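So you can see what is in the structure, the chains are spelled out below.
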Amino acid sequence: MQTVSSRLLDRIRQLIATPSVSSVSPQFDQSNRAVIDLLAGWLEEAGFAVRIEPLLERPDKANLIATLGGGPGGLVLAGHTDTVPFDAGRWRHDPFGGTVAEERIYGLGSADMKSFLALAIEAAREFAARDLRQPLVVLATADEESSMSGARALAAAGRPLGRHAVIGEPTGLKPVRMHKGILMEAIRLEGRSGHSSNPALGASALEGMHQVIGELLRWRAELQARYRNPLFEVAVPTLNLGRIHGGDNPNRICADCELHIDIRPLPGMTLAELRGALHQRLERLLADGDLKLSFEPLFSGVEALDTPATAAIVRATEDLTGAPAGVVGFGTEGPYLNALGMETVTLGPGSVDCAHQPDEFLPLAALQPTLDLLRGLIGRFCVTPE
Ligand SMILES: [Zn+2]
């Protein structure tokens, strides 16, 4: 058995030591450029042609697209460069230390998912451009943990990057071809305040929201009767009423009420269709009243991932890992890559159970099997493609 190189460990530790938190809260949000620049140096040294694409709306953040070889098709090994914020007081180990202990590497981004980018580059070192009949692309994105603006910029640019893609999110090295989507929406009702003693003096937004909630629960029951996928632990789409605020005083008719909901659609349901159905249903419900209804997306949302079981990358990853392609409970950038004509599998070392947690770690024992797997995929899709 080969031993894992000290170069690989050293690079993983350098990536962990380079902060790149992304957050919708500006006080935590950081640039990812230092991580991108580290990757760019290593990729150039390995013979890749490297392109760094700053995000239009955030020029201090960037995606990196590195290509070895040329031509159509090819394999994309993708990962995000950012991490979630952290609570240093709850860590035993330094979040940026890359401490090796108990046969693990500890650090922010160790499992989710800076290590994968170092692993992809290490796996690629065995190959030279002249060996490849189809290109190998390493893709490193910005802002996956917050706005997904890196992946959205790639999708908006519309340039195909390759045919087959692996996103190295922590799945315990088991291939994943589906996840649910995420839609979060604010529903606002505006009425008229008035003295509580005479209902004719106002229009109650709170009573209107009571009707809205009833309608949402009926809609949820319909969706759950219509859509079902037994591969998921929760086999139906969910709709959660997460937050409500309305009114100010018992003796005033409530003029404003706002409800925040979260919908997790199954593969096969698109965010645009769901949002359209939500708006239409509630508009119809309140059409005869004198309440003003409005909606606001709470973030841009994540589509469900739905890569076919027959896709070549699904078959190849099942074959090389010996595990059937499954599902996960978290969202990824996969739907954006699929929209660019790729077929994407999520597959990476480490466990999602420790991601976004204090003392996040990657087991050292996962490194060599990941290298073997990635080299196997590069061989199949780039060196001797069918
Ligand atoms: Zn991740």
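Above this text sits the structure in question.
Residues numbered from 1 in each chain as written. Predicted model: local features only at pLDDT ≥ 70, side-chain atom pairs only at ≥ 80, totals over all residues. Heavy atoms only, no water.

1. Brief notes about the overall build of the protein
Put simply, the rule is: Each helix is a run of H or I in the DSSP string that is no shorter than four residues. Each strand is a run of E no shorter than two, and both are numbered from the N terminus. The rule is simple: take the accessible area with a 1.4 Å probe, protein chains only, and divide by the maximum for that residue type; under 20% is buried, over 50% is exposed, in between is partly exposed. Note on areas: these come from Shrake-Rupley sampling with a 1.4 Å probe, and a residue is covered only by the protein chains present in the view.
Of the regular secondary structure elements, the protein holds nine helices and 16 strands. The dimensions of the protein, computed from C-alpha atoms along their principal axes, are 80 × 45 × 40 Å. Taking all 386 residues of the protein together, 52% fall into the buried category. Total accessible area on the protein is roughly 16900 Å²; 51% of this is exposed by carbon and sulfur atoms.

2. Brief notes about the packing of aromatic side chains
Put simply, the rule is: Only rings of Phe, Tyr and Trp enter the pairing, Trp through its six-membered ring, and a pair is recorded when the two centres are within 6.5 Å. The plane angle decides the type: under 30 degrees is stacked, over 60 is edge-to-face, the rest tilted.
The final tally for this structure, using the stated rule, is two aromatic pairs. Residues Phe-86 and Phe-96 carry aromatic rings whose centres are separated by 5.1 Å and whose planes lie at 85° to one another, so their mutual orientation is edge-to-face. Here Phe-86, found in the loop between strand 3 (75–80) and strand 4 (100–101), pairs with Phe-96, found in the loop between strand 3 and strand 4; they are 10 residues apart in sequence, far enough to count as distant. Classification of Phe-86 as partly exposed rests on a relative accessible area of 33%. Residues Tyr-106 and Phe-361 carry aromatic rings whose centres are separated by 5.8 Å and whose planes lie at 55° to one another, so their mutual orientation is tilted. Pair noted here: Tyr-106 is in strand 5 (residues 104–106) and Phe-361 is in strand 16 (residues 361–363), with a separation of 255 residues, a long-range link.

3. Quick word on helix 3 (residues 114–124)
Within helix 3, 11 of the 11 residues are buried, which leaves the element mostly enclosed by the surrounding structure. The set of residues buried in helix 3 consists of Lys-114, Ser-115, Phe-116, Leu-117, Ala-118, Leu-119, Ala-120, Ile-121, Glu-122, Ala-123 and Ala-124.

4. Comments concerning the sheet that holds strand 5
Condition: The criterion for strand pairing is that DSSP finds at least two bridges linking the strands in question.
Ordered in space as 4-5-16, the three strands form an open sheet in which the pairing is antiparallel. At either end of the open sheet lies a strand with only one pairing partner, and these are strand 4 and strand 16. With three bridges connecting them, strand 5 and strand 16 associate as antiparallel partners. Considered in strand 16, the bridge of Ile-105 is made with Leu-362.

5. A look at the packing of helix 3 against helix 9 (residues 367–383)
Worth spelling out the cut-off: Axis geometry follows a simple rule: fit a line to the C-alpha atoms, using only the stretch in contact for helices, then measure angles between N-to-C directions, giving values from 0 to 180 degrees. Orientation labels follow simple angle bins: below 35 degrees gives roughly parallel, above 145 gives roughly antiparallel, 65 to 115 gives roughly perpendicular, and whatever is left gives oblique. We call a crossing left-handed when the near helix sits turned anticlockwise from the far one by less than a right angle, and right-handed when that turn is clockwise. For this analysis, residues touch if any pair of their heavy atoms sits within 4.5 Å. Three classes are used, and their members are as follows: Ala, Val, Leu, Ile, Met, Phe, Trp, Tyr, Cys and Pro are nonpolar, Asp, Glu, Lys and Arg are charged, and the others, Gly among them, are polar.
Contact pair helix 3 / helix 9: the axes reach a minimum separation of 9 Å and the direction vectors enclose 55°. Taken together, the axes of helix 3 and helix 9 lie oblique to each other. For the pair helix 3 and helix 9, the sense of crossing is right-handed. Across the interface between the two elements, Phe-116, Leu-119, Ala-120, Glu-122, Ala-123 and Ala-124 from helix 3 touch Leu-367, Thr-370, Leu-371, Leu-374, Arg-375 and Ile-378 from helix 9. Here the residues of the contact of helix 3 with helix 9 are counted per class, giving nine nonpolar, one polar and two charged.

6. Section: the side chain of Lys-114
Spelled out, the test is: In this tally, Asp and Glu contribute negative charge and Lys and Arg positive charge; neither His nor the terminal groups of the chain are included. Salt bridge criterion: a side-chain nitrogen from Lys or Arg within 4 Å of a carboxyl oxygen from Asp or Glu. Any N or O atom pair separated by 3.5 Å or less is treated as a polar contact, with the protein-specific requirement of one donor-capable and one acceptor-capable atom, and with residues adjacent in sequence counted only for side-chain atom pairs.
Within the fold, Lys-114 resides in helix 3. Buried and without a salt bridge, Lys-114 has Asp-82 as its closest oppositely charged side chain, separated by 8.7 Å. Among the polar contacts made by the side chain of Lys-114, one reaches the main-chain carbonyl oxygen of Thr-18 at a distance of 2.8 Å. Within polar-contact distance, the side chain of Lys-114 engages the side chain of Ser-20 at 3.1 Å. With sequence-adjacent residues up to four places away left out, Lys-114 is seen in contact with Leu-15, Ile-16, Thr-18, Ser-20, Val-35, Thr-81, Thr-83, Leu-108 and Gly-109.

7. Topic: the environment of Thr-141
Looking at the element boundaries, Thr-141 is found in strand 6 (residues 136–141). Accessibility expressed as a relative area gives 1% for Thr-141, which makes it buried. Spatially, the C-alpha atom of Thr-141 lies 19 Å from that of Gly-74, the residues being 67 residues apart in sequence. Once you skip the residues sitting within four places of it in the chain, Thr-141 turns out to touch Asn-32, Ala-62, Asn-63, Gly-79, His-80, Thr-81, Asp-82, Leu-154 and Glu-333.

8. Focus on the state of the cysteines
Rules: Our working definition of a disulfide is a cysteine sulfur pair at a distance within 2.5 Å.
One pass over the structure, following the stated rule, counts zero disulfides. The closest cysteine sulfur to the non-disulfide-bonded Cys-257 is located on Cys-254, 5.3 Å from its own sulfur.

9. Structural notes on the packing of helix 2 (residues 33–45) against helix 3
A pair of packed helices is characterised by two quantities: the angle between their axes and the separation of those axes. Orientation of helix 2 relative to helix 3, taken along the N-to-C sense of each, is 15°, at an axis distance of 10 Å. The angle between helix 2 and helix 3 places the two elements in the roughly parallel class. In the crossing of helix 2 with helix 3, the sense of the turn from one axis to the other is right-handed. Across the interface between the two elements, Val-35, Leu-39, Trp-42 and Leu-43 from helix 2 touch Lys-114, Leu-117 and Ile-121 from helix 3. Of the residues in the contact of helix 2 with helix 3, the class split is six nonpolar, no polar and one charged.

10. So, the coordination of the zinc ion
Condition: The donor set covers N, O and S atoms within 2.8 Å of the metal, switching to 3.2 Å for Na, K and Ca, and it leaves out water, so a site may look short of donors. Donor angles set the geometry label: tetrahedral for four donors if every angle is between 85 and 135 degrees, square planar for four and octahedral for six if opposite donors exceed 155 degrees and the others are between 65 and 115, irregular for anything else.
On the protein side, the zinc ion has His-80 (NE2), Asp-112 (OD), Glu-169 (OE) and Glu-169 (OE) as donor atoms, found 1.8 to 2.7 Å from it. Taken together, the four donor atoms surrounding the zinc ion define angles of 52 to 141° at the centre, an arrangement classified as irregular. Spacing between the donor residues of the zinc ion along their common chain follows H-x31-D-x56-E. One end of the pair, His-80, is in strand 3; the other, Glu-169, is in the loop between strand 7 (164–167) and strand 8 (176–179), and 89 residues separate them in sequence. Across the pair, exposure class does not vary: His-80 and Glu-169 are buried alike.

11. A short note on the nonpolar core
This is how it is decided: Side-chain atoms within 4.5 Å are what join buried Ala, Val, Leu, Ile, Met, Phe, Trp, Tyr and Cys residues into a set we call a nonpolar core.
Ranked by size, the top nonpolar core spans 50 residues in total, and within it Leu-39 and Leu-136 carry the most contacts. Counting residues per element, the ones that place at least two in this core are helix 1 (6–17), helix 2, strand 2 (62–68), strand 3, helix 3, strand 6, helix 7 (312–321) and helix 9. Residue contacts for Leu-136: discarding those within four places in its chain leaves Phe-48, Ala-66, Thr-67, Leu-68, Leu-75, Leu-77, Ala-124, Ile-378 and Cys-382. Core analysis: the second largest hydrophobic core is formed by 29 residues, Cys-257, Leu-274, Leu-286 and Phe-295 among them.

12. A few points about the pattern of salt bridges
Applying the stated rule across the entire model yields 25 salt bridges. Glu-215 is the salt-bridge partner of Arg-218, the closest N and O atoms lying 2.7 Å from each other. Taken together, the positions of Arg-218 and Glu-215, both in helix 5 (residues 205–226) and three residues apart, correspond to about one turn of that helix. Residue classification places Arg-218 among the partly exposed residues on the basis of a relative accessible area of 46%. Relative accessible area serves as the criterion here: at 11%, Glu-215 is assigned to the buried category. Residues participating in the shared-partner salt-bridge network are Asp-29, Arg-58, Asp-60, Lys-61 and Asp-143.

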